[in-house]
Structure formats: structure tokens, C-alpha cells
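The primary structure of each chain is shown beneath.
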Amino acid sequence: MATTKLLSDAEVEKIPAVKAVFDDIRATRKSDFVNNFWRGLANDPASLKRVWEQLKAVMVADSAIDPLTKEMIYIAVSTANGCSYCIHSHTAAARAKGMTDAQHGELVSIIGLAGQTNHLVTAMQIPLDPQFEVK
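Below you will find a few notes about this structure. (Residues numbered from 1 in each chain as written. Predicted model: local features only at pLDDT ≥ 70, side-chain atom pairs only at ≥ 80, totals over all residues. Heavy atoms only, no water.)

Moving on, we come to the packing of aromatic side chains. Enumeration according to the criterion identifies two aromatic pairs in this entry. Measuring from ring centre to ring centre gives 4.8 Å for F37 and W38, while their planes differ by 75°; the resulting arrangement is edge-to-face. Ring geometry for W38 versus W52: centroids 5.3 Å apart, planes at 90°, classification edge-to-face. Of this pair, W38 sits in helix α3 (residues 36–41) while W52 is found in helix α4 (residues 45–60), placing the two residues 14 residues apart along the sequence. Accessibility expressed as a relative area gives 1% for W38, which makes it buried. Three or more aromatic residues link up through ring pairs in this structure, and these residues are F37, W38 and W52. (Phe/Tyr/Trp six-rings, centres within 6.5 Å; stacked < 30°, edge-to-face > 60°. Helix = DSSP H or I, 4+ residues; strand = E, 2+ residues; numbered from the N terminus. Buried < 20%, exposed > 50% of the residue type's maximum accessible area, 1.4 Å probe, protein only.)

Shown next as C-alpha cells:
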């Protein structure tokens, strides 16, 4: 159960600042669907706008990283942070961008391996190799 109210479309229509962001979400995604994350964040219109603008700048804008890879990175970070909602929503987005079952399987293997080796390095307090330092 949510710890915040999820605004309905009828409630959004009454708040111009929120309606503008929801309209942009729909236009950007070419879909009428606005997911619950945005509906919860809409309780604070300034935060809603700020986070949506950040998301567009990082996840939607043209960049050196292709859209599918961005979604797969988002899945990995969401897994590390334990965010089930984001794992589900970004897995759906990655699949919509062409992620195959084989790619998802490899992604899960990489996430598991990285988690394991990260914990081992942390437990052993392995010092950084000088070759890995940015010069």
C-alpha cells in the first residue's frame, strides 16, 4: 500500500502544474499511461516537474549511451538499491526497447556477479590497484 496519495486523472486536471507534466509524460512516451510513481510524486508539483525534467535529460535525451543500455543500467542500480518498483518498471521499459530474454538473463548474471564480488572486495578491504586510478 502506498504511503502517499496517488492522484487520479480527475485530480490532476485541477492542478495546472501537474497536468502540464502529465501531458508531457504522455507526449514524450507516446502513451496515455502515467504510472503510479508520477501519480505519487504529483502531490508535490515542484518535485514532480524537477524529477521529470531530470529523467528526460538523462533517460530520453540523445546521448552516448543507447536507450536500451540506459534501461539495463537502471535495472542494475535499482536491484542494488532494492527498489522492486523500479526493477519492474524499467524491465518493462527495457523489453519495450528490445531487450530479449537472453539479454535479461545475462543482465541478471552480471548483477549477481557484481554484487558478489563487491561484497568480497569490501569484506577483504582490498586496496585499489594504482593502474585503476584516474590520472
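Now that the structure is up, let's keep going.
Judged by side-chain polarity, L120, V121, M124 and I126 come together as a nonpolar surface patch covering roughly 370 Å² of accessible area. With respect to the element layout, L120 can be found in helix α7 (residues 101–124). (Patch = residues over 30% accessible without salt bridge, like charges linked within 9 Å, V, L, I, M, F, W, Y side chains within 5 Å. Areas by Shrake-Rupley, 256 points an atom, 1.4 Å probe, with all protein chains shown as cover. Salt bridge = Lys/Arg side-chain N within 4 Å of Asp/Glu carboxyl O.)

Compared with the 22 Å implied by 1.5 Å per residue over 16 residues, the 21 Å span of α4 between its first and last C-alpha is a close match. Those residues of α4 that sit buried are S47, L48, W52, L55, K56 and M59. Down the axis, α4 shows its buried residues gathered within 160° of arc, on one side only. In α4, the exposed residues that point more than 90 degrees away from the buried face are A46, A57 and V58. Those residues of α4 hidden inside the fold are in contact with α2 (16–29), α3, α5 (67–81) and α6 (84–96). (Expected span 1.5 Å × (residues − 1). Arc of directions from axis to C-beta. Contact = heavy atoms within 4.5 Å.)

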